[in-house]
Amino acid sequence: RKFRKSRIKISGNNNLVRINEGSSGQFTLFVEADNCVVEIGKNVWFNGTEIHLRDNNSRVIIGDETIIALETAIFCSDFHAITDRNGKPLNQGREIIIGRHCWIGKWAKILKNVRIADNTIIGAGAFVSKSCEEENVILAGNPAKIVKRDVYWVKAKYDEQEKVYLNKTGTN
């Protein structure tokens, strides 16, 4: 595992952080609550990501083969309470679940209580505040919504993938 310039700050009790094999990059993790779980799948790559958990019993799960671009943030909390008129808190952060093989673009923000399906691409600067259970889509905008369906990403550069496609289809 290679995590250069990464930081993990945990304050609280009975918290679990599991980082599976092959994951690497740079991230900052803040767990400031009790009974929280952070699970990072196999071969996840970070590039300057912040992950925040500040509500008790919350969790963040990131699926295998996901890449998360520069200056992204995952907030499983609002950092403050919103209450009804009687003082009852209304905005508990419970979980964020990011599926397998997702690509999260630069400056994207993922907010509390969100599930993102496998094979989802999140566009640069998107604010994801609602779950998306549909796979193979691009989410973009503020708030994020589906802007394209039936897509899949690969690590190859465009020119490399174009050659693979042309050879496969016999149209080169």
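Look above for the structure.
Every value quoted in this text rests on a predicted model; they were computed, and no experiment measured them.

**Q** Help me out: how do you make sense of the pairing of strand β16 (residues 145–149) in this one?
**A** Within a regular strand, side chains alternate between the sheet's two faces. Note: strand β15 (residues 137–140) against β16, four bridges, orientation antiparallel. Considered in β16, the bridge of Val 137 is made with Arg 149. From the end of β15 to the start of β16, which pair antiparallel, there are four residues, and Gly 141 there has a positive phi angle of about 100°.

**Q** Explain the pattern of salt bridges here, please?
**A** Side chains that differ in charge, positive against negative, can pair when their charged atoms come close. What the rule picks out here adds up to six salt bridges. Residue Asp 78 is joined to Lys 112 by a salt bridge in which the shortest nitrogen-to-oxygen separation is 3.4 Å. Here Asp 78 is found in the loop between β8 (73–75) and β9 (95–98), whereas its partner Lys 112 is found in the loop between β11 (109–110) and β12 (114–116), with 34 residues between them in sequence. In this structure, Arg 149 engages Glu 134 in a salt bridge whose closest nitrogen and oxygen atoms are separated by 2.7 Å. On the criterion of sequence distance, the pair formed by Arg 149 in strand β16 and Glu 134 in the loop between β14 (127–128) and β15 is long-range, its members being 15 residues apart.

**Q** Hey, could you run me through the sheet that holds strand β6 (residues 59–62) in this one?
**A** For sheets, the rule is that strands pair by backbone hydrogen bonds, running either parallel or antiparallel. Taken in spatial order, the five strands line up as β2-β4-β6-β9-β12 in an open sheet, and their pairing is parallel. One side of each edge strand has no neighbouring strand; the edge strands of this open sheet are β2 (16–19) and β12. Taking the axes of each pair of neighbouring strands and ignoring which way they run, one obtains an average angle of 5° across the sheet.

Calculation rules
Residues numbered from 1 in each chain as written. Predicted model: local features only at pLDDT ≥ 70, side-chain atom pairs only at ≥ 80, totals over all residues. Heavy atoms only, no water. Pairing = 2+ DSSP bridges. Helix = DSSP H or I, 4+ residues; strand = E, 2+ residues; numbered from the N terminus. Salt bridge = Lys/Arg side-chain N within 4 Å of Asp/Glu carboxyl O. Axes fitted to C-alpha atoms, helices over the stretch in contact; angles between N-to-C directions.

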